Amino acid sequence: RLPRRKINRNTFSKMEETVVLEKLQDCLNDQTLLLNGVDYFDGLFTKRGFVLGLTKVLISTNYESNARKFAGIILKYFIRERWNESVVSQEEKEEIRACLLSNLVETDVSLLIHKCLAIAAIASHQFPDEWPELVDSLLDRLDSEDSVEINSVIQCFLAMDEEEIQLTPKVASILPKLFQCFTLPDMPLVIREECLKLLFACITSFSWADGVNNDLVHECFDETFSLWMAVFLSVLQSSPTKHIEIKRLTLKILIVIFRDVANYSIESLDTILQPAWKLLNAHLPIYTESVIFGNPLPVDEDIDQEQIDKFTSNLDNWDDEIRGVEGMTSQLIDLLSTLVQRRNLKSVVNEGLAPLLVTIIGYVPLTVEQEQL
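Calculation rules
- Residues numbered from 1 in each chain as written.
- Predicted model: local features only at pLDDT ≥ 70, side-chain atom pairs only at ≥ 80, totals over all residues.
- Heavy atoms only, no water.
- Helix = DSSP H or I, 4+ residues; strand = E, 2+ residues; numbered from the N terminus.
- Buried < 20%, exposed > 50% of the residue type's maximum accessible area, 1.4 Å probe, protein only.
- Areas by Shrake-Rupley, 256 points an atom, 1.4 Å probe, with all protein chains shown as cover.
- Expected span 1.5 Å × (residues − 1).
- Contact = heavy atoms within 4.5 Å.
- Phe/Tyr/Trp six-rings, centres within 6.5 Å; stacked < 30°, edge-to-face > 60°.
- Lys NZ or Arg CZ within 6 Å of the ring centre and 35° of its normal.
- pLDDT = per-residue confidence, 0-100.
- Core = buried A, V, L, I, M, F, W, Y, C linked by side-chain atoms within 4.5 Å.
- Axes fitted to C-alpha atoms, helices over the stretch in contact; angles between N-to-C directions.
- Parallel < 35°, antiparallel > 145°, perpendicular 65-115°, else oblique.
- Left-handed = near helix turned anticlockwise from the far one by under 90°.
- Nonpolar A, V, L, I, M, F, W, Y, C, P; charged D, E, K, R; others polar.
- Salt bridge = Lys/Arg side-chain N within 4 Å of Asp/Glu carboxyl O.
- Disulfide = S-S within 2.5 Å.

## Quick look at the overall build of the protein
Along its length, the protein carries 20 helices and 0 strands. Per-residue burial for the protein yields a buried fraction of 51% across its 373 residues. Of the roughly 17,900 Å² that the protein leaves accessible, carbon and sulfur atoms contribute 49%.

Below, the structure written as structure tokens:
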């Protein structure tokens, strides 16, 4: 703990960073203060420089992680509840935004979450009218080949999606950059997964326009649709035991494309149906071994828990989704259900309906645990 300093609360004009840190430490060290943290800090928000001081503690590597995280929590509360009040000057708000953006890159994923959520909270108040350069500033950083920086930007976009910030006007610019990042040769698989989560968010942001505002769909998707479809085809045709989470996310995206962007995607139906059908057959032994008998798959050599902990922030609100082999199987069956309902595929489906049903029945048996109930 830092040594206490005597402060005349009525005379100082701008709080120093160390004074803000001391207030945070006092709260962390006093259970009573901590339980009433909001009331404790509400009186400090009016002090000139306090909110900027919180920002600087959050972004500084000179302070302990707990203090930085607590600064992030209090900063987010202020932004969400009191940002539009006159307690902070416009000049200070601009400096807070600049500090957060210029210091976004973070190796500690929990600290990264706090930075991203703070930026997203400000954006909910000020983007695009008062902060029009935000998305372009983030997109410029996706030209980096540094995986940590790329992940930091992707998590920021996911946080903005979590705040329900309207990114549709920028999707046409986001998707090419996202594809560029996804296809970098040395990109860790877990960051490719994060790319797919952001891709899903982008597609769902304009999927409503299919058949209603087709110009918007074309504007968003024309440049990269065929590139993404080639990637998805490659994923579906890859080894059934490899990259299960990449497959699951890919299938989830394909469901949205063929269900919600049905008019735009109609020419690609034949491209995906056969590989998805083949995957259903190839995947059955894996599902049986892993889910029915409860024997886990061998650990994927291309991905490890350290990478997951380092890059995954769970800003996508998908924590309640079933992952792994079972989750992938569910998405695969949902995709095939979506495809077989398309009128222009009915003749093809009718010819293969019997073997399809036989394969699906193979996924029905009770698991070993269920049988023991």
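## What to know about helix H6 (residues 90-102)
Given a rise of 1.5 Å per residue, 13 residues ought to cover 18 Å, and the 18 Å separating the end C-alpha atoms of H6 matches this to within 8%. Every buried residue belonging to H6 is among Glu92, Lys93, Ile96, Arg97, Cys99, Leu100 and Leu101, and all of these are buried. Against the buried residues of H6 lie helix H4 (50-59), helix H5 (65-82), helix H7 (109-126) and helix H8 (134-141).

## Here we look at the packing of aromatic side chains
Summed over the entire model, instances satisfying the criterion amount to 14 aromatic pairs. Here Phe225 and Tyr264 contribute two aromatic rings whose centre-to-centre distance is 5.1 Å and whose plane-to-plane angle is 90°, an arrangement assigned as edge-to-face. Here Phe225 is found in helix H13 (residues 225-236), whereas its partner Tyr264 is found in the loop between helix H14 (244-260) and helix H15 (269-292), with 39 residues between them in sequence. On the basis of relative accessible area, Tyr264 is assigned to the buried category, the value being 17%. Sitting over the ring of Phe182, Arg192 keeps its end group 5.8 Å from the ring centre.

## Comments concerning the confidence of the model for the protein
When pLDDT is averaged along the protein, the result is 86; 83% of the residues meet or exceed 70. Here residues 1-13 scores under 50 on pLDDT; set against residues more than four positions off or in separate chains, the count is 18 contacts.

## A few points about the environment of Asn66
Assignment of secondary structure puts Asn66 in helix H5. Each C-alpha atom of the pair Asn66 and Leu111 lies 9.4 Å from the other, and the pair is 45 residues apart in sequence.

## Some words on the nonpolar core
Membership of the largest hydrophobic core comes to 119 residues, with the highest contact counts inside it found for Phe157, Met160, Phe232 and Ile257. Beyond its immediate sequence surroundings of up to four residues, Phe232 is in contact with Leu196, Leu199, Thr250, Ile253, Leu254 and Ile257.

## Let's talk about H4
In terms of residue burial, H4 counts as a mostly covered element, since 9 of its 10 residues are buried. Three or more residues of H4 are buried, namely Phe50, Val51, Leu52, Gly53, Leu54, Thr55, Val57, Leu58 and Ile59.

## Overview of the environment of Asp222
With respect to the helices and strands, the residue Asp222 is situated in the loop between helix H12 (214-221) and H13. Asp222 gets classed as partly exposed once you look at its relative accessible area, which sits at 45%. The spatial distance from the C-alpha of Asp222 to the C-alpha of Tyr264 is 9.7 Å, given a sequence separation of 42 residues.

## What to know about the packing of H8 against helix H9 (residues 147-162)
At a minimum axis separation of 9 Å, H8 and H9 run at an interaxial angle of 150°. If you check the angle between H8 and H9, you find them roughly antiparallel. In terms of crossing hand, the pair formed by H8 and H9 is left-handed. Here Leu134, Val135, Leu138, Leu139 and Arg141 of H8 lie close against H9, whose contacting residues are Glu149, Val153, Cys156, Phe157 and Met160. A breakdown of the residues in the contact of H8 with H9 according to their chemical character gives 8 nonpolar, no polar and 2 charged.

## Structural notes on the pattern of salt bridges
Counted by the stated rule, this structure contains 16 salt bridges. Residues Arg80 and Glu163 are paired through a salt bridge, measuring 2.9 Å at the closest nitrogen-oxygen approach. One end of the pair, Arg80, is in helix H5; the other, Glu163, is in the loop between H9 and helix H10 (171-182), and 83 residues separate them in sequence. Residue class for Glu163 comes out partly exposed when judged on its relative accessible area of 24%. As a salt-bridge pair, Lys170 and Asp136 come within 3.3 Å of each other at their nearest N and O atoms. Of this pair, Lys170 sits in the loop between H9 and H10 while Asp136 sits in helix H8; the two residues are 34 residues apart in sequence, bridging distant segments of the chain. Members of the salt-bridge network, linked through shared partners, are Glu245, Arg248, Lys252, Glu321 and Arg323.

## A short note on the packing of H4 against H5
For the pair H4 and H5, the least separation of the axes is 8 Å and the interaxial angle reads 140°. In terms of orientation, H4 lies oblique with respect to H5. When the axes of H4 and H5 are compared, the crossing they make is left-handed. Here Val51, Leu54, Thr55, Val57, Leu58 and Ile59 of H4 come into contact with H5, specifically with Ala67, Arg68, Ala71, Gly72, Ile74, Leu75 and Phe78. Each residue belonging to the contact of H4 with H5 can be placed in one class, and the counts come to 10 nonpolar, 2 polar and 1 charged.

## Re the environment of Val190
Here Val190 lies in helix H11 (residues 189-206). For Val190, a relative accessible area of 0% translates into the label buried.

## As for the state of the cysteines
Across all of its chains, the model carries 0 disulfides by this definition. As a non-bridged cysteine, Cys220 has Cys202 as the owner of its nearest cysteine sulfur, 8.7 Å distant.

## Points about unusual backbone geometry
The general pattern is negative phi for most residues beyond glycine and trans for most peptide bonds. Residue Pro128 is reached from Phe127 by a cis peptide bond, and omega for that bond is 5°. Among the structural elements, Pro128 can be located in the loop between H7 and H8. A positive phi angle is found at Glu164, which is not glycine, with a value near 60°. One can find Glu164 in the loop between H9 and H10. The exposure class assigned to Glu164 is exposed, which follows from its relative accessible area of 73%. One non-glycine residue, His243, lies in the positive phi region at around 55°. Summarising the element assignment, His243 is placed in the loop between H13 and H14. His243 sits in the partly exposed class, given a relative accessible area of 24%.

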